[in-house]
Amino acid sequence: MTTLPVIAPVPDAARSRRAALPPRHLADLDLPARQALVRELGEPAFRAKQISTHYFGRLVRDPAGMTDLPAAARDRLADALLPTLLTPVREMACDDGATRKALWRLHDGSLVESVLMGYPDRVTVCISSQAGCGMACPFCATGQAGLTRNLSTAEIVDQAVYLAGVAASGVVAGAPPRLSHVVFMGMGEPLANYGRVIAAVRRLCAPAPEGLGLSQRHVTVSTVGLVPAMRRLAEEDLSVTLALSLHAPDDELRDELVPVNQRWKVAEVLAAAWDYAARTGRRISIEYAMIKDVNDQPWRADLLGRLLTGRLAHVNLIPLNPTPGSRWDASPKAVEREFVRRLRAAGVSTTVRDTRGQEIDGACGQLAAAEVSG
């Protein structure tokens, strides 16, 4: 993510304490593996479908509500297949209830965040794929804190399932009661946790009771530009949107803002993005944080326009969310408008991201930073 404060790194000792894997959960397993586990517990295989239907189809977590399961087996099955992965630390709402943010504590004490955003035609959740991040982008609190660990497949999926339940409860003002979109734009670099993120995408898109039944076209996976993983993603036969966090069109500045650019330069990253677009037919979302006097100059807008003209791409400009004590600030609106004008004049589809959740520390990492400093 891009609108974050700086928080203290996690000490090495804490990292080692947090290395233990989370408990196994049904979302880590496909349906045949769940059936095998249920049989090991001495129950008929069809119980796996029943408990999976509760979790993915009905968004029920409490064994007491699973009345089609024998009372004597409910707790045993739930303990084996539905262990608690996410413990709510703080949940906040703003935008008249249309935006809701959750801060979770994982089994090892790590903190991660998710955001639910309701719109008249859809409900979107933004989920985390790592506790912390190893990409070290200087304007990002998560990146500056370093990587604690990768999340498991189930820890990723469980964020979406929990918030799908929130949407289904009808509390999201002015939005449908069903989760429709998932974006991997929370804490962490998704493609640095490649195997589990891809497994989570497949679980989210598989029909119930195998998964949550979302459309692949309604899932967005972001990256700062891990080129080998981008090329691998193009071979997955998925229809997800790839979002590239570019933030600068020139190598000199991007080397500073997105340090992985020192390994894979702008031209190589964009080439991988265009290959993904050609393979999948999906438009690339170019994420660009507007940072005052850093990357918002007219000549950079023109250069970005030249790089993207004629490509299957859309620019999503992100107004930086100023945070106390940070040297980074948002571009003035007049500068932002000129940037948009120049990109559109070059024939590049461009929008400015809706600024949601500022009064509840809506940018990824802010609630975790507050919890750590508090």
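Reading guide: rules and limits
Residues numbered from 1 in each chain as written. Predicted model: local features only at pLDDT ≥ 70, side-chain atom pairs only at ≥ 80, totals over all residues. Heavy atoms only, no water. Helix = DSSP H or I, 4+ residues; strand = E, 2+ residues; numbered from the N terminus. Buried < 20%, exposed > 50% of the residue type's maximum accessible area, 1.4 Å probe, protein only. Contact = heavy atoms within 4.5 Å. Areas by Shrake-Rupley, 256 points an atom, 1.4 Å probe, with all protein chains shown as cover. Phe/Tyr/Trp six-rings, centres within 6.5 Å; stacked < 30°, edge-to-face > 60°. Lys NZ or Arg CZ within 6 Å of the ring centre and 35° of its normal. Pairing = 2+ DSSP bridges. Axes fitted to C-alpha atoms, helices over the stretch in contact; angles between N-to-C directions. Polar contact = N/O pair within 3.5 Å; in protein donor to acceptor, adjacent residues only side chain to side chain. Salt bridge = Lys/Arg side-chain N within 4 Å of Asp/Glu carboxyl O.

In terms of regular secondary structure, the protein chain is built from 13 helices and twelve strands. Looking at the protein chain residue by residue over its 374 residues, the buried ones come to 57%. By sequence separation, contacts in the protein chain at least 24 residues apart represent 69% of the contacts at least 6 residues apart. When the accessible surface of the protein chain is totalled, it reaches about 14,900 Å², and 51% of it is carbon and sulfur.

The next point concerns helix α11 (residues 298–308). One turn of an α-helix holds 3.6 residues; hence residues three or four places apart share an orientation. Residues of α11 that are buried include every one of R300, A301, L303, L304, G305 and L308, and no others. On its buried side, α11 packs onto α9 (251–257), α10 (266–280), β10 (284–290), β11 (313–319) and α12 (333–345). Directly beyond the C-terminal end of α11, a positive phi value near 80° is found at G310.

P209 follows A208 through a cis peptide bond whose omega is 10°. Checked against the element boundaries, P209 lands in the loop between α7 (194–205) and β8 (219–223). Here D95, not a glycine, exhibits a phi torsion of approximately 50°, which is positive. Structurally, D95 is set in the loop between β1 (87–94) and β2 (99–105). By relative accessible area, which is 27% here, D95 ends up partly exposed.

Another aspect to go through is the packing of aromatic side chains. In the structure shown here, the tally under the stated rule is four aromatic pairs. Measuring from centroid to centroid gives 4.8 Å for Y55 and F56, while their planes differ by 75°, and the two rings are edge-to-face. F56 sits in the buried class, given a relative accessible area of 3%. Taking the centre distance of 5.2 Å and the plane angle of 40° together, the rings of Y288 and F339 count as tilted. With Y288 in strand β10 and F339 in helix α12, this pair connects stretches of sequence that are 51 residues apart. You'll find Y288 and F339 in the same group, each marked buried. We note R122 situated over the ring of Y119; from NZ or CZ to the ring centre the distance is 4.0 Å. When the ring centre of W328 is taken as origin, the NZ or CZ atom of R327, which lies over that ring, is 4.1 Å away.

Quick look at the sheet that holds strand β7 (residues 181–184) now. Taken in spatial order, the ten strands make up an open sheet running β1-β2-β3-β4-β7-β8-β9-β10-β11-β12, and their pairing is mixed. The open sheet has two free edges, formed respectively by β1 and β12 (349–352), since each of these has just one partner strand. Taken over all neighbouring pairs, the strand axes of this sheet differ in orientation by 20° on average, direction set aside. Each of β1, β2, β3 (111–119), β4 (122–126) and β7 touches helix α6 (residues 153–168); the most contacted strand, β3, lies at about 40° to it.

Relative to the assigned elements, E287 resides in strand β10. At 2.6 Å, the side chain of E287 and the side chain of R353 are in polar contact. Each residue touching E287, except ones within four places of it in the same chain, is listed here: M185, A243, L244, S245, L246, H247, N316, I318 and R353.

For the structure on display, the rule yields 18 salt bridges. Residues R342 and E338 are paired through a salt bridge, measuring 2.7 Å at the closest nitrogen-oxygen approach. In this pair, R342 and E338 both sit in helix α12, four residues apart, roughly one turn of the helix. In this structure R342 comes out as partly exposed when scored by relative accessible area, which is 25%. Residue E338 is classed as partly exposed on the basis of its relative accessible area of 25%.

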